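One letter stands for each residue in the lines below.
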Amino acid sequence: MSKVTQLKPVSGKATPGSMPRPLEKVCARYLSLSAAYLGDMLDGADDKLFDLAEKETDSERERYFEAMRELRIQRAGLVGSFKQAINHQFLTLARPPETETLEQTPVDLDSLTLVHEDELETSVALDNMARRARNGCNEQLKVLCHRIEYLFESKREVNEHNNPLEPRQLVACFSEGLEKLSLDIKARLIILKLFEREVMAETGYLVSEANKVLIDAGVLPEMKSAPIAPARKPGSRSLASQSSDSVMPTAGNAGGPSNDQMFGLLQELLVTMRGMQGGPGGGASGGAPGVASEAAMAVMQNGVPYMNGAPVANAASVHQVSSDDLLGVLNRLQRVERSLGEDEGEDRADLKTDLSELLDNEHGEAIHALDQADDDVINLVALLFDFILDDEGLPSEIKALIGRLQIPLLKVAIIDKTFFSNDNHEARLLLNMLARAGSQWDPQQGIQDDLYQRINQAVHRIIDDYEDDASLFSSLLQEFQQFFDNQKSRSDRVEQRVREAEEGKARAEQARSEVVAVLDKRMAGRQLPDVVVRLLRQGWQQVLYLTWLREGDDSGLWQQQVKVVDAVVWSVLEHREQAALEKLKDLSPKLLKTLHSGLSQINYDAVETKQLLVKFRDVHQQLLKGLQTERVAVEPEQPAEPAQPETVPELPENHFLVKKCSQLAPGQWIEIQDDGEPRRAKLAANIRAGVKMVFTNRRGIKVQEFSAYTLAVALHNGTVKLIEEGALFDRALEAVIGDLRRMQGNVQH
């Protein structure tokens, strides 16, 4: 069982009659809305899994199809379980207080070391989505708790643990049903993400509706102690951003109870790894994998210094380094970093060795012991920057710049442990913004390019000025965002003109091809009078061309004008039957009038029009008299495809890469190997699902053109690669968690 589902009460019964009537109305409204949102979510999950399956390799595709089948089969049961669990939460609240103790049982984080890695990953996702949802409706929940307590005449304490409308309870209700489904972790996490987007995003509205129901029932209708307006309108599907005015922990209490739960879970993974490497304390040099160090540094565990998994024999020789002391040392190291050039900093020793050497210089050669939380932060930040510096989405020059932010961001994380979970943390947002901009910088533009210089300036401002005031990151983020938006606005205007020109050219080519095909189908291979060939190929072809562009090939006008072609061709066939001649006699004046009208509307040359129509009428008169008319063999205007030599295609037309490329949305960045030099370009226009794909540089100028097939071949051959523009810090954190869990699983098995 995961941590979340263990919170569910498992004993005791209640009857609907024990619940106050207004609360029954709240329960009914809450059940109705949340079940409807869940239904929408399950519809979206089916579509999402299908899209993912289409993009995957054969070995992975079956995973998603199995998940789709499981959801379809178990859908009714999942919805029923969800509604039953919600109802159970309301009934539990109505029980006598002595039966509520299970709700308030604290979670033992030590037990997390025994949880399977998939369950732990699910638990982290559930906890985070509940936390994010609660941040969007905290005040409304306080008001609701007051009103529910009023219903129970203050004989019940209603709080985060037993309020049925708390986000954590909603998460637990869904998790209970989800656990019964046979889904692997990838499919499970995708469904949880959709649940957050489609159901948890509605938490503010659900709580607002509950307050409204109670107000309508006369429960404290005048209470004004907290705002009760909806946090958002239903249907916008976006969680409210995290509170920006939360209290920041100071360096002195950074390792205390205020630590973020995400950081606690990360510590659990690191503790497990240290335990596998030799004991409860581990030691700074025996920390997380990939953080190798020969520095003589220990870690404090419950007041006892440990090194390499064993207690230090002579504790008197240990110099304990507090968080404040560590920040002071990091400030001095940052000043050293400030004095180094980019090239000088590349081959420096690892951070812990630098720390140890500086501490030796200041306090003498001793065993320096870090607080456990500080040691964990150092290890985690080091792992994050290992990922960042290995990220293929960033040019090496940009990675060199961002790599210099390790010490400042380490200081941020020591001061504020929510750095690891707060998506809206100023330092994280700035790092993501610099990485996003850096992923668009083309090395061929050189380091004198204004984008590179602005990234360079931002990095050096942090190195030069950051001590402990996080407002620097906010001001830099605002400045850089304005610069980036201005550049993007200029490039968007140029790119728009390129896109319109290319789309216009492609549409014109398609229109011409369609018109030629229509005429060839009706004329090629026949013996027709020369005037008819000229009338249709020179005059009426332009009528068809403009109609296709303006109205499209599914319009009624287009269909009528194609029928005119059929009528013209039929009218000059050699008719022998009397009925056909009578029809021609009746049709001829109508056809001449229609042709004259159509050619006049496109301002076709009036003299040429008159000559063509007179000669066309003469052909009709000759046919009506039974006379022979001069004819020419009509050749197709659109040449047949030349015979291609038998070659083996590099990829089949239905290869998953071809389909993936045809579905790429404008804005996707790629890196092209141009004679060994990387060049970056953005998809500006995807015309007719991959028939033509136009790429521009950062300034909006066209630099490359592919079709979906040629782009897929280039991706397959490695001459082109897709650039992932997702938030760099978030991707790095996910990768670090995944690596730690895989290593943990390998050791356990």
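Residues numbered from 1 in each chain as written. Predicted model: local features only at pLDDT ≥ 70, side-chain atom pairs only at ≥ 80, totals over all residues. Heavy atoms only, no water.

## Digging into the overall build of the protein chain
And step 1. Helix and strand counts for the protein chain come out as 24 helices and twelve strands.
And step 2. Each of the 749 residues in the protein chain was classed as buried or not, and the buried ones make up 50%.
And step 3. Residue pairs at least 24 apart in sequence account for 75% of intrachain contacts in the protein chain once pairs closer than 6 positions are excluded.
And step 4. For the protein chain, the exposed area adds up to about 35,500 Å²; of that, 50% sits on carbon and sulfur atoms. (Helix = DSSP H or I, 4+ residues; strand = E, 2+ residues; numbered from the N terminus. Buried < 20%, exposed > 50% of the residue type's maximum accessible area, 1.4 Å probe, protein only. Contact = heavy atoms within 4.5 Å. Areas by Shrake-Rupley, 256 points an atom, 1.4 Å probe, with all protein chains shown as cover.)

## Structural notes on helix 11 (residues 351-363)
And step 1. A rise of 1.5 Å per residue sets the reference length of helix 11, with its 13 residues, at 18 Å; its end C-alpha atoms lie 18 Å apart and thus fit the reference within 8%.
And step 2. Where helix 11 is concerned, the buried positions are Leu351, Lys352, Thr353, Asp354, Leu355, Ser356, Leu358 and Leu359.
And step 3. In the segment just after helix 11, Gly364 is the residue with positive phi, at about 85 degrees. (Expected span 1.5 Å × (residues − 1).)

## Focus on the packing of aromatic side chains
And step 1. Going through the model one piece at a time under the given rule, you end up with eleven aromatic pairs.
And step 2. Between Phe419 and Phe420 the ring centres are 5.6 Å apart and the planes differ by 70 degrees, which places this aromatic pair in the edge-to-face class.
And step 3. Residue classification places Phe420 among the buried positions, given a relative accessible area of 1%.
And step 4. Within the aromatic cluster, the residues linked to one another by ring pairs are Phe82, Phe174 and Phe195.
And step 5. Its end group placed over the ring of Trp570, Lys583 keeps NZ or CZ at 4.7 Å from the ring centre. (Phe/Tyr/Trp six-rings, centres within 6.5 Å; stacked < 30°, edge-to-face > 60°. Lys NZ or Arg CZ within 6 Å of the ring centre and 35° of its normal.)

## Concerning a positive patch on the surface
And step 1. A cluster of basic residues, Lys48, Lys55, Arg197 and Lys660, forms a positive patch on the protein surface.
And step 2. With respect to the helices and strands, Lys48 occurs in helix 1 (residues 21-55). (Patch = residues over 30% accessible without salt bridge, like charges linked within 9 Å, V, L, I, M, F, W, Y side chains within 5 Å. Salt bridge = Lys/Arg side-chain N within 4 Å of Asp/Glu carboxyl O. Lys, Arg positive; Asp, Glu negative; His and termini not counted. Charge placed at Lys NZ, Arg CZ, Asp CG, Glu CD.)

## Quick word on the sheet that holds strand 4 (residues 318-321)
And step 1. Taken in spatial order, the five strands make up an open sheet running 3-2-1-5-4, and their pairing is mixed. Looking at the sheet topology across the chains shown, the edges are occupied by strand 3 (310-311) and strand 4.
And step 2. As paired elements, strand 1 (residues 297-301) and strand 5 (residues 367-371) share four bridges and run parallel to each other. Bridge pairing links Met300 to Asp371 in strand 5.
And step 3. Each of strand 1 and strand 5 touches helix 12 (residues 372-390); the most contacted strand, strand 5, lies at about 90 degrees to it. (Pairing = 2+ DSSP bridges. Axes fitted to C-alpha atoms, helices over the stretch in contact; angles between N-to-C directions.)

## What about the pairing of strand 5?
Two faces, one strand: in a regular strand the side chains alternate between the faces of the sheet.
And step 1. Of the pairings in the sheet, the one linking strand 4 to strand 5 comprises four bridges and is parallel in character. By the bridge assignment, Val321 is partnered in strand 5 with Leu370.

## What about the environment of Glu671?
And step 1. Relative to the helices and strands, Glu671 is located in strand 8 (residues 669-674).
And step 2. Sequence separation between Glu671 and Val720 is 49 residues; the distance between their C-alpha atoms is 5.6 Å.
And step 3. At 3.5 Å, the side chain of Glu671 and the side chain of Gln673 are in polar contact. (Polar contact = N/O pair within 3.5 Å; in protein donor to acceptor, adjacent residues only side chain to side chain.)

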